[in-house]
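Report on the structure
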Amino acid sequence: MGYCFSDLTAACQDDWRAYIEHDFVRALGDGTLDQGAFRHYLQQDYLFLIHFARAYALAAYKSRTLADLRQAHEGLRAILDVELGLHVDYCRDWGIAETDLAALPEARATLAYTRYVLDTGHRGDLLDLHVALAPCLVGYGEIAGWLKAQPFTVRGGANPYDAWIAMYESDDFQAAMGAELEWLDARLAEVTPRRFNELVEVFRYATRLEIDFWQMGLDRAD
Ligand SMILES: Cc1ncc(C[n+]2csc(CCO)c2C)c(N)n1
């Protein structure tokens, strides 16, 4: 007993590194990512965010305390009022109109990942759901930090993806990630070894689905 979040990443080290250091991420860092691949990723990420908002609504439904209910409400509000608006503006800069976003067909990788998270939340409890969401929330913060430390990363106007990196290294985002880590560490401190192993499986599947999401972008898969 007495687990914490880093025990989850340690238990799935190979998958976690494959996600954080994926070729898509490296190419974002050095600015060589194919722009069509990025556009495909952005389009599917719009659909991803909508389902992610639904997952926060599910977190509200699964809450047993007012504090957890408020946290879920804040997550839902942040996506609807901030993230999706930023995403639509950002897509416009990349030549994707909001009307196009609304009509997008969902790629299989988007479908698999988002429905896995929702199903995990439905069949499990609030901790299962948060663990399924963690590769998304914590992973992107870690990716921004990892890119910052890599010698190949190009920053500023010379990298067309600089704004994307900046978004996830921002103080606001890093603070949201820190709050999530605190919540997870407090819950994981109390779970049994058997329960921890169940949560590792949830975390591993969600991490693999993040890898597939990057790969979908690179392959422009539908
Ligand atoms: C496939 C995919 N995975 C993770 C994120 C990152 N992300 C999405 S919503 C959110 C938190 C919202 O409050 C974060 C960090 C993404 N955009 N796309």
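Just above sits the structure.
Model, not experiment: these values are computed from the prediction.

1. Quick word on the overall build of the protein chain
A tally of regular secondary structure across the protein chain gives 11 helices and zero strands. Starting at the N terminus, the α and β elements of the protein chain follow one another as α-α-α-α-α-α-α-α-α-α-α. Taking 222 residues into account, the globule formula puts the C-alpha radius of gyration at 17 Å, and the protein chain, at 17 Å, falls close to it. For the protein chain, the C-alpha atoms occupy an extent of roughly 50 × 40 × 30 Å along the three principal directions. For the protein chain, the residues scored as buried account for 50% of the 222 residues in total. Within the protein chain, contacts between residues separated by at least 24 positions form 83% of all contacts whose residues are at least 6 apart in sequence.

2. With respect to the site of the ligand
With respect to spatial proximity, 14 residues lie near the ligand, and among them Asp 45, Cys 136, Tyr 140, Phe 173 and Glu 210 are the closest. Taking Tyr 140, its side chain carries an N or O atom lying 3.3 Å from a nitrogen atom of the ligand. Separating a nitrogen atom of the ligand from a side-chain N or O atom of Glu 210 is a distance of 2.8 Å. Protein burial of the ligand: of its 450 Å² of free accessible surface, 96% is covered by the chains. The set of elements that each furnish at least two residues to the shell around the ligand consists of helix 4 (35–61), helix 5 (66–93), helix 8 (126–149) and helix 11 (193–219).

3. A look at the nonpolar core
Counting 79 residues, the largest nonpolar core has Phe 38 and Trp 164 as the members making the most contacts within it. By residue number, the principal contributor to this core is helix 8, which donates 15 residues. Those residues in contact with Trp 164 that sit more than four places away from it in its chain are Leu 28, Phe 38, Tyr 41, Tyr 90, Tyr 140, Ile 143 and Trp 214.

4. Remarks on unusual backbone geometry
Non-glycine residue Arg 220 carries a positive phi angle of around 50°. Tracing the sequence through the fold places Arg 220 in the segment after helix 11.

Procedures and definitions
- Residues numbered from 1 in each chain as written.
- Predicted model: local features only at pLDDT ≥ 70, side-chain atom pairs only at ≥ 80, totals over all residues.
- Heavy atoms only, no water.
- Helix = DSSP H or I, 4+ residues; strand = E, 2+ residues; numbered from the N terminus.
- Rg over C-alpha atoms; globule rule 2.2 N^0.38 Å.
- Buried < 20%, exposed > 50% of the residue type's maximum accessible area, 1.4 Å probe, protein only.
- Contact = heavy atoms within 4.5 Å.
- Near = heavy atom within 4 Å.
- Polar contact = N/O pair within 3.5 Å; in protein donor to acceptor, adjacent residues only side chain to side chain.
- Areas by Shrake-Rupley, 256 points an atom, 1.4 Å probe, with all protein chains shown as cover.
- Core = buried A, V, L, I, M, F, W, Y, C linked by side-chain atoms within 4.5 Å.

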